[in-house]
Amino acid sequence: MKDIISRRRSIRSFLDTPLEEEKISLLFEAARWSPSAMNSQPWLYVYARSGEDLHTRISDTLAPGNRIWAAKAPLLIVSLVKTDRDDGHINSTAEHDTGMANHAIALQCTDLGLQAHMMGGFDHAALGALLELPPNIKPLVVMAVGYPGIPDHLPEPLRERETAPRKRKPVNEFVFNHPHIKQQVYGNN
């Protein structure tokens, strides 16, 4: 599992190769088996392939810095979260649970030779209007999915970011075995 996690990247350069239906189905099957509080499974997904009108319309809601590369991805997936439970109460873990399902999709992508780049940079209201979402369902992220492409096709500074080594915090900066987290995170302030 560690190998799949470390091979997962948020790339910006995708080949224009269409994704096979079987692989698209496997992505959503991975989400299906993700854990959720009280088995609520609060996630919903809308996807569009390159060349479809919906793909263009989703791309149009992306922030300009994302649109420049993500519009070329062969698959866009909109991750939606249902914020209430079936009994009408607020689901306080809905975003967490949906994030777990999104991560399952990202790991399944890696296992299939694909990559997924999750984006929070989009016009939430415009995407909600496009999808005619009711008030209890909101867009969480948009994922660009595809086979890794050639970074040289990206404009600078995206090309440099694409080829830069990945940087991760060391574990001792975010894992503690004592109750003094504030002091560790913020110092003696």
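Given the structure is predicted, the values throughout are model-derived calculations rather than measurements.

A.B. asks: With reference to specific residues and values, describe the pairing of strand E4 (residues 137-146).
C.D. replies: Taken residue by residue, a regular strand's side chains alternate between the two faces of the sheet. The buried fraction of E4 is high, at nine of 10 residues. Direction of pairing for strand E2 (residues 75-82) relative to E4: antiparallel, over a ladder of eight bridges. Within E4, the residue paired with Leu-76 across the bridge is Ala-144. Sheet analysis places strand E3 (residues 115-119) next to E4, joined by five bridges and oriented antiparallel. Pairing of Met-118 across the sheet is with Met-143, part of E4.

A.B. asks: If you had to explain the packing of aromatic side chains to someone new, which residues and values would you point to?
C.D. replies: The full count for this structure, using the stated rule, is three aromatic pairs. Considering the side-chain rings of Phe-28 and Tyr-47, the 5.5 Å spacing of their centres and the 40 degrees angle between planes classify their relative orientation as tilted. Residue Phe-28 is located in helix H2 (residues 21-32), and its partner Tyr-47 is located in strand E1 (residues 43-49); the two are separated by 19 residues in the primary sequence. According to the relative accessible area criterion, Phe-28 is buried, its value standing at 19%. Residue classification places Tyr-47 among the partly exposed residues on the basis of a relative accessible area of 31%. Aromatic ring contacts, followed pair by pair, group Phe-28, Tyr-45 and Tyr-47 into a single cluster.

A.B. asks: Would you mind going over a nonpolar patch on the surface in detail, with residue names and values included?
C.D. replies: Together, Val-171, Phe-174 and Val-175 give the surface a local cluster of nonpolar side chains, amounting to about 290 Å² of exposed area. Of note, Val-175 is situated in the loop between helix H7 (158-163) and helix H8 (181-186). Overall, Val-175 belongs to the partly exposed group, its relative accessible area being 46%.

A.B. asks: Break down the environment of Trp-69 for me, citing the residues and quoting the values.
C.D. replies: Tracing the backbone shows Trp-69 in helix H4 (residues 64-70). For Trp-69 and Pro-155, which are 86 residues apart along the polypeptide, the C-alpha to C-alpha distance reads 9.0 Å. In terms of polar contacts, Trp-69 uses its side chain to reach the backbone carbonyl oxygen of Gly-65, at 3.2 Å.

A.B. asks: Lay out the side chain of Ser-59 with the relevant residues and their values.
C.D. replies: Inspection of the secondary structure assignment puts Ser-59 in helix H3 (residues 53-59). Of note is the side chain of Ser-59, whose polar atom sits 2.9 Å from the backbone oxygen of His-55. With near-sequence residues (within four places) excluded, Ser-59 lies in contact with Arg-67, Ala-71 and Leu-76.

About the cut-offs
Residues numbered from 1 in each chain as written. Predicted model: local features only at pLDDT ≥ 70, side-chain atom pairs only at ≥ 80, totals over all residues. Heavy atoms only, no water. Buried < 20%, exposed > 50% of the residue type's maximum accessible area, 1.4 Å probe, protein only. Helix = DSSP H or I, 4+ residues; strand = E, 2+ residues; numbered from the N terminus. Pairing = 2+ DSSP bridges. Phe/Tyr/Trp six-rings, centres within 6.5 Å; stacked < 30°, edge-to-face > 60°. Patch = residues over 30% accessible without salt bridge, like charges linked within 9 Å, V, L, I, M, F, W, Y side chains within 5 Å. Areas by Shrake-Rupley, 256 points an atom, 1.4 Å probe, with all protein chains shown as cover. Salt bridge = Lys/Arg side-chain N within 4 Å of Asp/Glu carboxyl O. Polar contact = N/O pair within 3.5 Å; in protein donor to acceptor, adjacent residues only side chain to side chain. Contact = heavy atoms within 4.5 Å.

The analysis is restricted to geometry; functional conclusions fall outside its scope.
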